[in-house]
Amino acid sequence: PLLHEVRHALKKLVDANENTVIDLRSLPLAPGEEEKILDSLGQGEVSATLDALGKSEIIETAFAGVWLITHYNDDEDIIGRFIEVTVMPEILMSQQQDIADASEQLDQLLNDEFAKGA
């Protein structure tokens, strides 16, 4: 049933550009069922690891647009696992304020370099 839900979510992404998040930890899965689902989804070409308030792994599955996001605590225990059906997982997207801050930092760097060269 969960793979059918992923299929419907993928169709929503294609047809309406609508993202879906499925919280695997909130579902009543039988023992071993999560592993079967993950095996069926496979692994694609893209993966990333974040170290912000704990480690997070972001892995594109073998199905483009279907991502597995896993969050760990300091003891490497899984504290959250999600299937995100989206073009780009939100956790990987730069925040607007961070982009604005980066622009200011680059301006300052260039101004400092110009001042040194003058």
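Definitions and cut-offs
Residues numbered from 1 in each chain as written. Predicted model: local features only at pLDDT ≥ 70, side-chain atom pairs only at ≥ 80, totals over all residues. Heavy atoms only, no water. Helix = DSSP H or I, 4+ residues; strand = E, 2+ residues; numbered from the N terminus. Expected span 1.5 Å × (residues − 1). Buried < 20%, exposed > 50% of the residue type's maximum accessible area, 1.4 Å probe, protein only. Arc of directions from axis to C-beta. Contact = heavy atoms within 4.5 Å. Pairing = 2+ DSSP bridges. Axes fitted to C-alpha atoms, helices over the stretch in contact; angles between N-to-C directions. Salt bridge = Lys/Arg side-chain N within 4 Å of Asp/Glu carboxyl O.

Asks: Would you mind showing me how to read helix α1 (residues 2–16) here?
Replies: Each turn of an α-helix holds 3.6 residues, which means side chains three or four residues apart point in the same direction. In this model, α1 (15 residues) spans 20 Å end to end at C-alpha, consistent with the 21 Å of a helix rising 1.5 Å per residue. Within α1, the full set of buried residues consists of L2, V6, A9 and L13. Down the axis of α1, the smallest arc covering the buried residues is 60°, so these residues share one side. Relative to its buried face, α1 has exposed residues pointing more than 90 degrees away, namely V14, D15 and A16. Residues of α1 that are buried sit in contact with β1 (20–23), α2 (33–41), β4 (66–72) and β5 (78–85). One or two positions beyond α1, positive phi appears at N17, with a value near 55°.

Asks: I tried to follow the sheet that holds β4 on my own but got confused; where do I start?
Replies: Strand pairs in the sheet, formed through backbone hydrogen bonds, run parallel or antiparallel to each other. Here we have five strands laid out as an open sheet, ordered β1-β5-β4-β3-β2, and antiparallel in their pairing. The open sheet has two edge strands, β1 and β2 (47–51), and neither has a second partner. In this sheet, neighbouring strand axes are inclined to one another by 20° on average, regardless of whether the strands run parallel or antiparallel. Here α2 sits on the sheet and contacts β4 and β5; the angle it forms with β5, its principal contact strand, is near 40°.

Asks: Explain the pattern of salt bridges to me, please; I cannot follow it from the model alone.
Replies: Side chains that differ in charge, positive against negative, can pair when their charged atoms come close. Going through the model one piece at a time under the given rule, you end up with six salt bridges. One salt bridge in this structure joins E34 and R81, with 2.6 Å as the shortest N-O distance. Highlighted residues: E34 in helix α2 and R81 in strand β5, separated in sequence by 47 residues. Each member of the pair, E34 as well as R81, is classed as buried. A single network of salt bridges, built from pairs that share partners, joins R25, E34 and R81.

Treat this as a map of the structure, not an account of what it does.
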